[in-house]
Amino acid sequence: MLNKIPLRIMWRDKSHFIGIILLVFLASFVYNIFSVTMTNVDINYKNFVEKYKQENFHFITFFPIDIEEIEKKYNVEIEEKFNFDYNYDDKTIRFFNITEKVNNPLILEGKIPSLGEVAIDPNFSQNNNLKIGDTININGIPFKISGYVALPDYIYITKNETDILPDPSHFGVGIMNMEDMKKFISSVAYRYYMVRGKVNDIDSFKADINSKYNLISFQEKDENWRIIVTEKKVESGKPLSYVMAFTILLISSLLLFIVLRRIINSMHREIGTLYALGYTKGEITRIYIMFPFYIWLFGAIPGGILGYIYSDSFINLYVSFISVPIVEKIFPVKDLFVGIFLPIVFMGFSGFFAIRDLLRKKVVEIIKGEAEKAFKVKFRIGFLDKLSFKLRIMIKHALLHPSREIVIILGVAFSALILMYGITAGSALSNLVYDTFQNTFRYNYMYVFNFYQKDHRYPNSERFNMLSFYKEGTKTRITIYGIEKKSQLIVLRDNKRNRVDLEGFVISQALADKLNLKEGDMLKVINTIDGKRYSLKISKIVDLFVGNTGYMNLEEFNKTFGLEDGAFIGLYSIDKLNIPEEELIVSMSKSDLMKAFEDSTESVNQILQMMYIVSFFMAFIIIYILSSLIITENRKTLSIFKILGFRDGELSTMFLGFNNISFLFGFLIGIPLYSSFIKYIVNVALRDLDFSLKMYAGFKDIWLTFIILFGAFILSKYLSRRRIGKISPA
């Protein structure tokens, strides 16, 4: 007979328990889908880069090096890499030669290309309907697609290192035999070398290469955008799932505690009768311990199982952004165990604390409910008598059950945090792209030569110089540009949107955020090529959130860094310039980045919409459960008040009115909570990436967050008022 009591009560008060079960389901589902995805991506990534010999660094020289001599001298493996871009329609495939010592290709499906064949990355193939066995014509020569390929140094596949998002609809990578590649590259503008192995003194290595072969650029693995983004996404993914799951579980546990306490306090006489019939304290305790068990059974187990099942789809979505080959589906027993059994720990503690007072009471106290009466007496506060009757009832209900108001505050604050993050992330990414690349960077094309130029042969273009540095004592990479003093293609503005005169050294807001810099500070840097040290005084910080960058006028740049007067390394232009390819290291079009962002908008919006739904759902469930609880335990009182002539709206205000204050207080707490979270994102999660996001919530973002959460609050209030309306006068 006793075993039927928990399920019967749960069915009777289903509006309370279904909400808690759904929250536990959500916590387990979120934890498992994230942890299974991150574990699979992490393990497959580590296996991939180790087995297929991911580079430790790469460098570019003007002249070819003696590979055998350098390998012996530094005990490393070095391999030269060649590439060319095949452009058709508005798409580009970057083909590389098949390597054997460093950054070896992994064939995911099909086979390694023979002569007259190519292999292409699967994301580009899928987005452009290219299948194994198809033939593509490359500059008039037919090539058969032999398979799908993944490259260890192109895991985050972007056309340019400055691109923020990949664009598999318009850009992909592939491999072909060197004999075939020679048909498309008659000469090269520079020599690109990949290195695997540890060099003890990097500075000596760079100096050695520079003295003999004219070192143009040098990049270590942890500075490589196409590698580091993947590692940072994996590194930050699991903590995010922990925080979300633990917070939802904490709120669910508090809700269960409140509901069980209410059930126990409303069943004193029934429990006393069970004692009188001879049932032991242990048998009665087991009744209430079954509540957490059933919530775990109906919530955590289905949530954990479905989280694992749907992790396949989530993994596919994840690897569409980062091309980590999932060669082996990992069954992470530890993660699944935690995701399914952690909720029972939370629920168990919640249940124990809810019935702890019951276990301490004598049978007579339980039957008379004396503890509950004494509890109410504590809050007979004199100053409340001066208030109106309705307001007095509302405040007394809040003081009698402060834990309920705390749960509403915590739930609304967390929902506000998630929702505000989704709203500001969407607008921040949009502003990052459109504001930066339309209002600040006004050029359409950028060209970087393989050697410093003196003669400005291309009219309607602007010269620039650039050098790469490390911040002294760190691995933070900083690029400093020298641009035309009155540039029309790079328009730098301060945070008040006033144009900045290019006098002295100015830095981007992204760099200031990373290094906690302000105007007037001295920035000490070391040249990544020759190791020379410089101390630069920051004159201005400009409103630019892309790039760890600094800017000087071209004349001052050349003078500061010892370059010839008038020398420049690149050009910005509105129109496409006819520059021979053999003179260039890089040429890029701004439209490529805009297309990548537009193509990614749909996927980003889907993720943001999920965050909106979760926030709305959480706020609604928490407020509705607690409102229903108040109505249930005051059913008789509400009935009497109706006899006395009080209307439904008045009763809703009297018994549920303090929820308005708790909701508002929770929302206000959510704003500084969000600000603290964003400081973590900027200072920790984005610290090693070459951009920052302007994610500080403005009035518009806060107002939109409030409107959505207020909608959830109003819906819960409406349903609660309907429940009050269904109570008939006694």
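Predicted model, so just to flag it, every value in this text is computed and none were measured. (Residues numbered from 1 in each chain as written. Predicted model: local features only at pLDDT ≥ 70, side-chain atom pairs only at ≥ 80, totals over all residues. Heavy atoms only, no water.)

Q: Where do I start with the overall build of the chain in this structure?
A: The number of helices and strands found in the chain is 21 helices and 20 strands. Residue pairs in contact within the chain that sit at least 24 positions apart in sequence constitute 82% of those at least 6 positions apart. Counting every atom, the chain has about 33500 Å² of accessible surface; 57% of that belongs to carbon and sulfur. (Helix = DSSP H or I, 4+ residues; strand = E, 2+ residues; numbered from the N terminus. Contact = heavy atoms within 4.5 Å. Areas by Shrake-Rupley, 256 points an atom, 1.4 Å probe, with all protein chains shown as cover.)

Q: Please clarify how the sheet that holds strand β1 (residues 57-61) should be interpreted in this entry.
A: Strands pair in a sheet through their backbones, by hydrogen bonds, and they do so in one of two ways: parallel or antiparallel. The strand order across the open sheet built from four strands is β2-β10-β1-β11, with neighbouring strands paired in antiparallel fashion. A strand with exactly one partner marks an edge of an open sheet, and here the two such strands are β2 (77-81) and β11 (215-220). Within the sheet, the average angular offset between the axes of one strand and its neighbour, ignoring direction, is 20°. In the sheet, β1 pairs with strand β10 (residues 191-196) via five bridges, with the strands oriented antiparallel. Paired with Phe59 across the strands is Tyr193, a residue of β10. Across the sheet, helix α6 (residues 202-213) is in contact with β1 and β11; its angle to β11 comes to roughly 155°. (Pairing = 2+ DSSP bridges. Axes fitted to C-alpha atoms, helices over the stretch in contact; angles between N-to-C directions.)

Q: How do you make sense of the pattern of salt bridges when you look at a structure like this?
A: Here the structure, examined in full by the defined rule, presents 24 salt bridges. One salt bridge connects Lys72 with Glu68, and the closest N-O pair in it is separated by 3.3 Å. Of this pair, Lys72 and Glu68 both sit in helix α3 (residues 67-74), four residues apart, roughly one helical turn. On the basis of relative accessible area, Lys72 is assigned to the exposed category, the value being 66%. Between Lys212 and Asp208 there is a salt bridge, with the nearest N and O atoms lying 3.5 Å from each other. Pair noted here: Lys212 and Asp208 are both in helix α6, with a separation of four residues, about one helical turn. Connected via shared salt-bridge partners are Glu69, Lys73, Asp208 and Lys212. (Salt bridge = Lys/Arg side-chain N within 4 Å of Asp/Glu carboxyl O. Buried < 20%, exposed > 50% of the residue type's maximum accessible area, 1.4 Å probe, protein only.)

Q: I would appreciate a short explanation of the nonpolar core in the present structure.
A: Burial of nonpolar side chains together is a common tendency in soluble globular proteins. Formed by 73 residues in total, the largest nonpolar core has its most connected members in Phe17, Leu255, Tyr288, Ile295, Met618 and Ile622. Top element by residues in this core is helix α17 (residues 590-633). It accounts for 13 residues. Grouped together as the second largest cluster of nonpolar side chains are 28 residues, Tyr156, Val448, Val500 and Met588 included. (Core = buried A, V, L, I, M, F, W, Y, C linked by side-chain atoms within 4.5 Å.)

Q: Even after reading the chapter, I still don't get unusual backbone geometry, so can you show me in this structure?
A: The backbone phi angle of Lys53 is positive, close to 60°, even though this residue is not glycine. Turning to its location among the elements, Lys53 is positioned in the loop between α2 (14-51) and β1. Located in the positive-phi region is Asn460, a residue other than glycine, with phi close to 60°. When you line up the elements, Asn460 lands in the loop between β12 (445-453) and β13 (461-471). Relative accessible area serves as the criterion here: at 70%, Asn460 is assigned to the exposed category.

Q: Explanation requested: helix α1 (residues 4-12) in the structure shown.
A: Given 3.6 residues to a turn, an α-helix orients residues that are three or four positions apart in the same direction. Considered for burial, the residues of α1 that qualify are Ile5, Pro6, Ile9 and Met10. Burial along α1 is one-sided: seen end-on, the buried residues are contained in an arc of 130°. Turned more than 90 degrees off the buried face of α1, the exposed positions are Lys4 and Trp11. (Arc of directions from axis to C-beta.)

Q: Sorry, what's going on with the packing of aromatic side chains here?
A: For the coordinates displayed, the defined rule picks out 48 aromatic pairs. Ring centres of Phe25 and Phe29 lie 6.0 Å apart, and the angle between their planes is 10°; this geometry places the pair in the stacked category. Of this pair, Phe25 and Phe29 both sit in helix α2, four residues apart, roughly one helical turn. According to the relative accessible area criterion, Phe25 is partly exposed, its value standing at 24%. With relative accessibility at 22%, the residue Phe29 sits in the partly exposed group. Pairing Phe710 with Phe713 gives two aromatic rings, centres 6.1 Å apart and planes at 35°, and the pair type is tilted. Of this pair, Phe710 and Phe713 are both found in helix α21 (residues 699-725), three residues apart, which corresponds to roughly one turn of the helix. In textbook terms, an aromatic cluster arises when at least three aromatic residues are bridged by ring pairs, as seen for Phe663, Phe667, Phe699, Trp703, Phe706, Phe710 and Phe713. Of note, Lys329 hangs over the ring of Tyr308, and the distance from its end group to the ring centre comes to 4.7 Å. When the ring centre of Tyr443 is taken as reference, the NZ or CZ atom of Lys590 above it lies at 6.0 Å. (Phe/Tyr/Trp six-rings, centres within 6.5 Å; stacked < 30°, edge-to-face > 60°. Lys NZ or Arg CZ within 6 Å of the ring centre and 35° of its normal.)

Q: Quick question: what am I supposed to make of the side chain of Asp167 here?
A: Tracing the chain through its elements places Asp167 in the loop between β8 (141-150) and β9 (171-176). Relative accessible area serves as the criterion here: at 6%, Asp167 is assigned to the buried category.

Q: Just to check I follow, could you spell out the confidence of the model for the chain for this structure?
A: In low-pLDDT regions, the fine details of the predicted coordinates are not to be read closely. Averaged over every residue, the pLDDT of the chain is 84; residues scoring 70 or more account for 90%. In the model of the chain, helix α12 (residues 370-377) stands out as the element of lowest mean pLDDT, 45, in contrast to strand β6 (residues 117-120), which has the highest, 96. Here residues 370-379 is modelled with pLDDT under 50, and outside its nearest four sequence neighbours on either side it reaches 10 contacts, counting other chains as well. (pLDDT = per-residue confidence, 0-100.)

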